[in-house]
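Survey of secondary and tertiary structure
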Amino acid sequence: LRISLPKDRTDKRFLINAACDYAEESLRTTGNLHTGTLIGSHVMVAIIWRGTKRVGAMSAAPGLSPEQTPRAEIDLLYIEPRYRGKGLAARVIDTFAEQSGVPVFLRGPVNPALGKIAHERRIECGPDMQSSTLEYVTQQFYSSVDCAHSVTRTPCQLCTSATVLGYFTHAYDAMMVRTAA
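These lines cover the structure that appears in this document, whether it is placed above or below.

Conventions and cut-offs
- Residues numbered from 1 in each chain as written.
- Predicted model: local features only at pLDDT ≥ 70, side-chain atom pairs only at ≥ 80, totals over all residues.
- Heavy atoms only, no water.
- Core = buried A, V, L, I, M, F, W, Y, C linked by side-chain atoms within 4.5 Å.
- Buried < 20%, exposed > 50% of the residue type's maximum accessible area, 1.4 Å probe, protein only.
- Helix = DSSP H or I, 4+ residues; strand = E, 2+ residues; numbered from the N terminus.
- Pairing = 2+ DSSP bridges.
- Right-handed = clockwise from strand over helix to strand, strands pointing away.

1. Some details on the nonpolar core
The biggest cluster of nonpolar side chains holds 24 residues, and the ones touching the most others in it are Met-58, Ile-74, Leu-77, Ile-93, Leu-106 and Leu-114. If you list the elements that add at least two residues to this core, you get β2 (44–50), β3 (53–64), β4 (70–79), α2 (88–100), β5 (104–106) and α3 (112–120). Broken down by element, the residue count for this core peaks at six residues, all from α2.

So, in C-alpha cells, the structure goes:
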C-alpha cells in the first residue's frame, strides 16, 4: 500500500471519478450530500495504491486540536467499493499517521466503518453534522442541477451525475488540487 500525490492525466481522471462516486454514493445511501472533499485548495489530495492499482483517494489538511496541538486531519477517505472490506482504510490511516508524525483526526461526519477503525486506534473524530445542515447543503446542491427530466423537486440521476462531474472537473482544472507535477 502506498499513498502518493496525483501526477498525470490518469491520476486526474481517477480523482474526478472518485469524487463523483463519493458524492453520488452519499446521495444514494443517505439522501444527503456528505461534506468532505477530494478537490479543494485547502486540502492535500492523494491517491491510494495497492500494487499498481489505484484503489482509493483521500484528502487531508494540517490542523490544530482545541489545545492548539498540531494534528493531521483526514477530511475524506474513499476506497472503491470493490476493494472495501480488505482492511485498506485501516492501513491507509496507519500509514498516514506514521508519515505525518502528529496525531491524526478524522473530520466528521465519519461513516460507521471509519468510526470503528478510529475507535480501535483511539483516533479522535469530528462531530457529525446536524441533519438540518446536511439537508440544507443537499438542497443547495440540488438547486444547482439543471434537470428537465424529473417531475419531483429532486433531479434525476443522470443530471445529478453530470453536475457532479462538471463541478469536480472544473475544480480540478482550476488548479484547486495540489499535485506532484
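Now that the structure has been shown, the text picks up again.
2. Quick notes on the pairing of β4
Consecutive residues of a regular strand have side chains that alternate between opposite faces of the sheet. Counting buried residues in β4 gives nine out of 10 residues, a clear majority hidden from the surface. Summarising the sheet, β4 and β5 pair through three bridges and their orientation is parallel. By the bridge assignment, Ala-72 is partnered in β5 with Val-104. With α2 bridging β4 and the parallel β5, this β-α-β connection has right-handed handedness.

3. So, unusual backbone geometry
Despite not being glycine, Arg-122 has its phi angle at roughly 55°, a positive value. As for its placement among the helices and strands, Arg-122 is situated in the loop between α3 and β6 (124–125). Overall, Arg-122 belongs to the exposed group, its relative accessible area being 80%.

Everything listed is a geometric property; what it means functionally is a separate question.
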